[in-house]
Amino acid sequence: TVPTLTEISVPAVYPTPMEVTVGDTYADLSKVILDESLTGYADLLATKGMKAEGGVTVTVTIRDLAEFSYGADEGYILTVSPDAVKIEAQTERGLHYAVMTLLQLTEEGKCPAVTVKDAPRNPLRGVIEGFYGTAWTHEYRKDLFAFMGENKMNAYIYAPKDDPKHRAQWRSLYTGAELERMTDLITTANENYVKFIY
């Protein structure tokens, strides 16, 4: 039997999208055919029960999202139906955000039929590490970048007050291991679609 609209359960999506239209059924996404641009997401999608083994086609279109009055460069339109999943985005960052929304909506390969339209209202959304006291560890920062990417935050400001090269020794360059660690942080931030701002 096909569930009625009142029986469709839609998981919460964070941050709350601009517009969500709920259909009257679910999509079985346990087996999907991924667009070539999504192959890097295959392992992540599999954690929600979506295996790249045939089945529902997931397509990606990169296009101008002029219908958004703000945030189009990070916006997306995600349409899930029993027959297909369609992602429209203007940039790779918007595509990433659409995939994060799809992950939030899907559990054990089951996703409600929905259309989600979203674009960020604020151009910078994120975290400032700018306090006195013990600075965050290298691994903590990397974990933070993963969390930020999953939750559509796009900016990290590096300003720990206990980093002498950020304050009193600001003319000194990072060297050796310090430079490697900073480079690793910047690379990890970029991989999670987070702007590293020094």
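Along each chain, residues carry numbers from 1 onward, in the same order as the chain's sequence is written. Local features in this predicted model are restricted to residues of pLDDT 70 or higher, and side-chain atom pairs are both shown and tallied only at a pLDDT of 80 or more, whereas totals for entire chains, interfaces and linings draw on every residue. Heavy atoms throughout the structure, all of them, feed into the side-chain values; hydrogens and water do not.

Colleague: In this structure, what is going on with the sheet that holds strand 2 (residues 31-34)? I would like to understand it.
Modeller: Note on sheets: strands pair through backbone hydrogen bonds, and any given pair is parallel or antiparallel. The six strands are arranged 1-6-4-5-3-2 in an open sheet whose pairing can be described as mixed. Two strands in the sheet have a free side with no partner beyond their single neighbour: strand 1 (19-28) and strand 2. Geometrically, the sheet is characterised by an average inter-axis angle of 25° between neighbouring strands, direction not taken into account. Two strands pair under a simple rule: DSSP has to find at least two bridges between them. In this text, helices come from DSSP runs of H or I with a minimum length of four residues, and strands from runs of E with a minimum of two, each type numbered from the N-terminal end. Pairing geometry for strand 1 and strand 6 (residues 110-118), over seven bridges, is antiparallel. When the sheet's bridge partners are listed, aspartate 28 is paired in strand 6 with lysine 110. In what follows, residue pairs with any heavy atoms lying within 4.5 Å of each other are defined as contacts. Geometry is summarised by axes, namely lines fitted to C-alpha atoms with helices restricted to the contacting stretch, and by angles between N-to-C directions that run from 0 to 180 degrees. Of the strands in this sheet, strand 3 (51-62), strand 4 (76-80), strand 5 (84-89) and strand 6 touch helix 2 (residues 92-105), which is tilted by about 35° from strand 4.

Colleague: Before we go on, may I ask you to explain the layout of surface pockets in this structure?
Modeller: Regions of empty space are outlined by a rolling probe, equal in size to a water molecule, passed over the atoms. For cavity detection a 1 Å grid was placed over the protein atoms alone, and a set of points counts as a cavity when a 1.4 Å probe fits there but cannot get out; an open set counts as a pocket when protein lies on both sides within 12 Å along at least five of seven lines, with lining residues being those that have an atom within 4 Å of a point. Grid points are joined across faces, edges and corners, and a volume is the space filled by probe spheres set on the points. Here the largest pocket is characterised by a volume of approximately 250 Å³. Of all the secondary-structure elements, those providing two or more residues to the lining of the largest pocket are helix 3 (138-150) and helix 4 (176-191). The element best represented in the lining of the largest pocket is helix 4, accounting for four residues. Lys, Arg, Asp and Glu make up the charged group, whereas Ala, Val, Leu, Ile, Met, Phe, Trp, Tyr, Cys and Pro make up the nonpolar group; the residues left over, Gly among them, are polar. Of the residues assigned to the lining of the largest pocket, the class counts are eight nonpolar, one polar and five charged. Of the pockets and cavities examined, the second largest pocket occupies roughly 180 Å³. If you go around the second largest pocket, you meet 14 residues; those closest to its centre are Pro15, Asp118, Ala119, Pro120 and Arg121. Grouping the amino acids of the lining of the second largest pocket by side-chain chemistry returns eight nonpolar, one polar and five charged.

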